[in-house]
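If you want the building blocks of each chain, they are given just below.
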Amino acid sequence: MTRLKMPAPDQATLARRGEIVAALRRIVPGEGVIDTTAELRAYETDGLTAYRQVPMVAVLPETVDQVRQILSYCHANDIRVVPRGGGTGLSGGALPLADAVLLGMSKFNRILDIDYENRCATVEPGVTNLAITKAVEDRGFYYAPDPSSQIACSIGGNVAENSGGVHCLKYGLTANNLLGLEVALITGELIRLGGKHLDSEAYDLMGVVTGSEGLLGVVTQVTVRILRKPESARALLIGFPEIEAAGQCVADVISHGIIPAGMEMMDRLAIAATEDFVHAGYPRDVDALLIVELDGPAPEVEHLIERVSDIARANRASLVRASTSEEERLRFWAGRKAAFPAVGRISPDYLCMDGTIPRRNLPAVLGAMSDLSAKYGLACANVFHAGDGNLHPLILFDAGEEDQLERAEQFGAEILKLCVRMGGVLTGEHGVGVEKRDLMGDMFSEVDLAHQERLKCAFDGKGLLNPGKMFPVLHRCAELGRMHVHRGKLPFADIPRF
Amino acid sequence: MTELKPEDQGGVADAILSAIAGKTPMEVVGSATMRTIGRPLATALRLDLSGLAGLIFYEPEELVLSAKAGTRRSEIEALLRASRQAFAFEPPDFARLLGSNQGGTLGGMIAANLSGPRRIRSGALRDHILGFSAVSGRGEAFRCGGRVMKNVTGYDLPKLMAGSWGTLCALTEVTMKVMPAPETVATLLLFGLNDEDASAAMRDAMRSPFDMAGAAHLPADVARASALADIAGAGASVTLLRLEGFGESVAFRLAELRAGITAEQAVLDPQRSDLAWGEIRDVHLLAEPRERIVWRVSLPPSEGPRAMDHIRTAAPAAIGYYDWAGGLLWVSVPPSEHGSTQVIRGAIPPATGHATLIRGPESLRSSVFVFEPLPDPLAKLTQRIKQAFDPAGVLNPGRMYHFA
């Protein structure tokens, strides 16, 4: 594990561990409280495995009432809490703390209501993303966001991270597909946000809870909108001799008013790694490969396949191939979907980064990354959600080699800073967590961050929920609340006052 | 009333710092077109943000536009049209309904989270705000979000700004996601359906694979207020189902949709289609008589007819229509001391929906909850959020909720 500064464990809490375990057992009887080191190891990390920490104790409640009691107990006793969904997060959002209760929501795995009249499903937070689609697909419906971990990630975790997927540009992220949330606050109070209707009656708290990485509350129920599956879908495989042409092709597709269901780009190294692994039939003699998926009624899809093919040829594509069967469409995707494990085959370890940039800066960013690759002596493969500018550079390294992890992390941090300099952001869909926490100051000023932290204070004044994540320094709420008024200096001295 | 009209972010900060120092709360406006929505404010100061105007950048191929918050919507919408793009959430303009001046600003549009008929397909305004700069009620300039489509860096404060009615911050710059405008549009009209059958028809259409971009139902007593002869002259209720997209696709989906429907039908061409959806979006259909009170109710689509029935039974002079496939009711009631508040809110099913008083006299807006009252843990949390951004209570105090 590399050096990662986490909040110092509270010795008083650690000294009361036995008492805390007993109190939790009174709330969740039986095997729902885990306190042996061997069993706690199962929770020591999430999808960001470079960081590990065994929690003080883990608790797996089965009812909302138990969740409320656990939170209320921890709040009253100043005990930190780290919520956890499926444990697949890529930014360390569920990394335990040595002095915290790990609150696992995995037992909340029931689908509560499927309402086709109002096109929504209400589920418990531990239900997996894919399970929602599975539950409604026999009626021709699906849940749109499809993060690549969808077989294992939970919908509660998706809410916490505002998870995306390859269909975001057309169908939105998690935030755009939610109708309602039930959230337990750190005090144990329960709030309902939204429901089966549209739009918030007051402040859009569903909007801020989504993507809040477990720092504002614990999601106990989720209502998502479900969509009718498009009648048909076809994909285009398009190869380009240079990356600039691929970028221009993406811009031209959108300028023609076409929003594809998915638009993915891969660079030469990513193409080679995936082709070796799954033999999807990708061309090896191109610098950039685009997969463009178009969905909708068959006549629309036919029309758009033609238009996108024409745009690709106008941009000097060296290969334009349209899928002619569902099997072929899935094969086009097989390579892209296997890109991460494929890179895992050619390198002992890799770090997956997640910046977003304005698309037109893609050639410049890729050029600068290739310079960084030389500087750090580490290879880098790129997969890219081209439609929305979300870049996933995969930095290849060997943790067994001295200092390679550290070099990889520095390389990654430089890439993210580069994204910010180019008008982009630190994270498009994986979250800040612990991974990008210390880079927040590169994107936001102290005043910017203080305004975000005050929102945290409104939800969790004691700072007990998931501390050490998202913010480089978590200020005390009392300190943030102070007003700095320059009394001597009144800019509009002539206005009436009363 | 003293009006402060700063021309840059520093001026906005100075104005707010003065208000804090002088303990003089302010009414925050863009061009004040919606100032009659919300609890009336009795402030001695008004902060006018319309001086912060102008485009910052517009990159059509990146689907992004950034402008100062006081920029007129009409200016931006004309710019988008010239590149065959639009705000996908189809923001309404309530000028005629409210009898206010034309010419709302981007900041006002965001403060009200204005979303029109296409909201059921393309999301609300809050789904299209990418980033902003603002001065909070602490007098501090800050920003959040960005200019890219996909961003989870920090809390999503842009969504918090949408629908906060100027009670948290004075917006100074906003960055929005824009989308291609549909190549063409067609609207299928169904005549003579009762509310139940119309609601079922709209929900069937929404469950179809035809990708509806609008579904509304005008009972006969509302339809006759239409400016379109196709609708006003029907002498019956009119249900509207809208399809948008590429020409071939719209033609194909329209044919498929019609094949499954037996009710009497007609089709509106693009020009008349835009007029029809415009009067639904902007609530022209309930604009007159001017003294009537207008409510906006959001609820699960399947609950629409039951709620409307409840309202008509308890307030026989009420008229109203359905948008959002039945999930949005626009209701007009005659003037009365309490504006039929209990009737309207009593029609909302338990725990899912809300009603907002959009048009009503000042006396009514001072005495009832204009926005849906909040249950306790949520009310206290809302109050703490207000205090976090505006601890001195200088920005539109009490406009949404009046905290003790």
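Everything numeric here is computed off the predicted structure, so don't read it as measured data. (Residues numbered from 1 in each chain as written. Chains lettered and ligands numbered in written order. Predicted model: local features only at pLDDT ≥ 70, side-chain atom pairs only at ≥ 80, totals over all residues.)

Novice: Provide a residue-level description of the overall build of chain B, including the pertinent values.
Specialist: Within chain B, the regular secondary structure consists of 15 helices and 18 strands. Computed over C-alpha atoms, the radius of gyration of chain B comes to 21 Å, within 12% of the 22 Å expected from 2.2 N^0.38 for 404 residues, which places it in the range of a compact globule. For the C-alpha atoms alone, the extent of chain B along its principal axes is close to 65 × 50 × 35 Å. Across the 404 residues in chain B, those meeting the buried criterion constitute 61%. (Helix = DSSP H or I, 4+ residues; strand = E, 2+ residues; numbered from the N terminus. Rg over C-alpha atoms; globule rule 2.2 N^0.38 Å. Buried ≥ 20, exposed ≤ 12 C-beta atoms within 10 Å, placed from the backbone.)

Novice: An account of the overall build of chain A is needed here, citing residue identities and associated values.
Specialist: Across its full length, chain A carries 18 helices and 19 strands. In summary, chain A has a C-alpha radius of gyration of 24 Å against a globular reference of 23 Å for 498 residues, a match within 12%. C-alpha extents for chain A along the principal axes are approximately 65 × 65 × 55 Å. When burial is assessed residue by residue, chain A has 56% of its 498 residues classed as buried. When contacts within chain A are restricted to residue pairs at least 6 apart in sequence, long-range pairs at least 24 apart make up 72% of them. (Contact = placed C-beta atoms within 7 Å.)

Novice: Go over the interface of chain A and chain B with me, naming the residues and quoting the values.
Specialist: Counting from both sides, the interface comprises 88 residues of chain A and, opposite them, 85 residues of chain B. Counting residues per element, the side of chain A that touches chain B draws most heavily on helix H17 (residues 446-459) of chain A, at nine residues. The class makeup of the residues in the side of chain A that touches chain B is 40 nonpolar, 28 polar and 20 charged. (Nonpolar A, V, L, I, M, F, W, Y, C, P; charged D, E, K, R; others polar.)

Novice: Pulling in residues and values, what's your account of the sheet that holds strand E8 (residues 141-145) of chain B?
Specialist: As summarised here, the arrangement of the five strands in space is E4-E5-E9-E7-E8 (chain B), forming an open sheet in which the pairing is antiparallel. At either margin of the open sheet sits one strand with a lone partner, and together these are strand E4 (55-59) and E8 of chain B. Averaged over all adjacent pairs, the angle separating strand axes in this sheet is 15°, with direction ignored. This element, H17(A), spans strand E7 (129-136) and E8 of chain B of the sheet and lies at about 70° to E8(B). (Pairing = 2+ DSSP bridges. Axes fitted to C-alpha atoms, helices over the stretch in contact; angles between N-to-C directions.)

Novice: Summarise the pairing of strand E2 (residues 26-29) of chain B; cite the residues concerned and give the values.
Specialist: Residue and element names in this part refer to chain B. Neither face of E2 is left uncovered, since the one carrying Met26 and Val28 and the one carrying Glu27 and Val29 both have all their residues buried. When E2 meets strand E3 (residues 45-48), the two strands line up parallel, connected through four bridges. Across the sheet, residue Val29 finds its bridge partner in E3, namely Asp48.

Novice: Please set out helix H5 (residues 129-136) of chain A residue by residue, giving values where relevant.
Specialist: Residue and element names in this part refer to chain A. When we look at burial in H5, the residues that qualify are Asn129, Ile132 and Val136. One side of H5 holds all its buried residues, which, seen down the axis, span an arc of 65°. Each element contacted by the buried residues of H5 is listed here: strand E5 (111-115), strand E6 (120-123), strand E7 (141-142), helix H6 (155-161) and strand E10 (218-225). (Arc of directions from axis to C-beta.)

Novice: Hey, could you go over the environment of A:Met265 for me, with residue numbers and the actual values?
Specialist: All names here are of chain A. Structurally, the position occupied by Met265 is in strand E13 (residues 262-267). Each C-alpha atom, one on Met265 and one on Asn382, is 8.2 Å from the other, the two residues being 117 residues apart in sequence. Beyond its immediate stretch of four places on either side in the chain, Met265 contacts Ala246, Ala288, Leu289, Leu290, Phe384 and Ala386.

Novice: Lay out the sheet that holds E2(B) with the relevant residues and their values.
Specialist: Residues and elements named next belong to chain B. Overall, parallel pairing links the three strands, which are arranged E1-E3-E2 in an open sheet. Two strands lie at the open edges of the sheet, namely strand E1 (2-4) and E2, each paired on one side alone. For this sheet, the mean inter-axis angle between neighbouring strands, taken without regard to orientation, is 25°.

Novice: Explain the packing of helix H14 (residues 362-376) of chain A against helix H15 (residues 404-421) of chain A residue by residue, including any values.
Specialist: All names here are of chain A. The geometry of H14 relative to H15 is characterised by a closest axis approach of 10 Å and an angle of 160° between their N-to-C directions. When the axis of H14 is compared with that of H15, the two are roughly antiparallel. Relative to H15, H14 is oriented so that their crossing is right-handed. Note on element contacts: H15 touches H14 through Arg407, Gln410, Phe411, Glu414, Ile415, Leu418 and Cys419, opposite Val365, Ala368, Met369, Leu372 and Tyr376. A per-class count over the contact of H14 with H15 returns nine nonpolar, one polar and two charged. (Parallel < 35°, antiparallel > 145°, perpendicular 65-115°, else oblique. Left-handed = near helix turned anticlockwise from the far one by under 90°.)

Novice: Outline the packing of helix H9 (residues 243-255) of chain A against H14(A), listing residues and values.
Specialist: Residue and element names in this part refer to chain A. Interaxial distance between H9 and H14 falls to 9 Å at its minimum, and their mutual angle equals 150°. Classified by the interaxial angle, the pair formed by H9 and H14 is roughly antiparallel. Considering the relative orientation of H9 and H14, their crossing is right-handed. When H9 is examined against H14, the residues Ile243, Glu244 and Gly247 are found in contact with a partner set consisting of Leu362, Pro363 and Leu366. When its residues are assigned to classes, the contact of H9 with H14 shows four nonpolar, one polar and one charged.

Novice: A description of the nonpolar core should follow, citing residues and the corresponding values.
Specialist: A:Leu290, A:Ile395 and B:Ala170 are the most contacted members of the largest nonpolar core, which totals 286 residues. If one sorts the elements of this core by residue count, helix H1 (residues 9-22) of chain B sits on top with eight residues. Not counting residues within four places of it along the chain, the set of residues in contact with A:Leu290 comprises A:Ile238, A:Ala246, A:Cys249, A:Met263, A:Met265 and A:Ala386. (Core = buried A, V, L, I, M, F, W, Y, C linked by C-beta atoms within 7 Å.)

Novice: Give me unusual backbone geometry: which residues, what numbers.
Specialist: Residues B:Glu288 and B:Pro289 are joined by a peptide bond in cis, for which omega reads -5°. The backbone phi angle of A:Asn162 is positive, close to 50°, even though this residue is not glycine. Within the secondary structure, A:Asn162 is located in the loop between H6 and helix H7 (168-171). One non-glycine residue with positive phi stands out, namely B:Leu63, at about 60°.

Novice: Describe the confidence of the model for chain B, with residues and values.
Specialist: Looking at chain B as a whole, the pLDDT averages 96, with 100% of positions reaching at least 70. For this predicted complex, the interface score ipTM comes out at 0.97, alongside a pTM of 0.96. (pLDDT = per-residue confidence, 0-100.)

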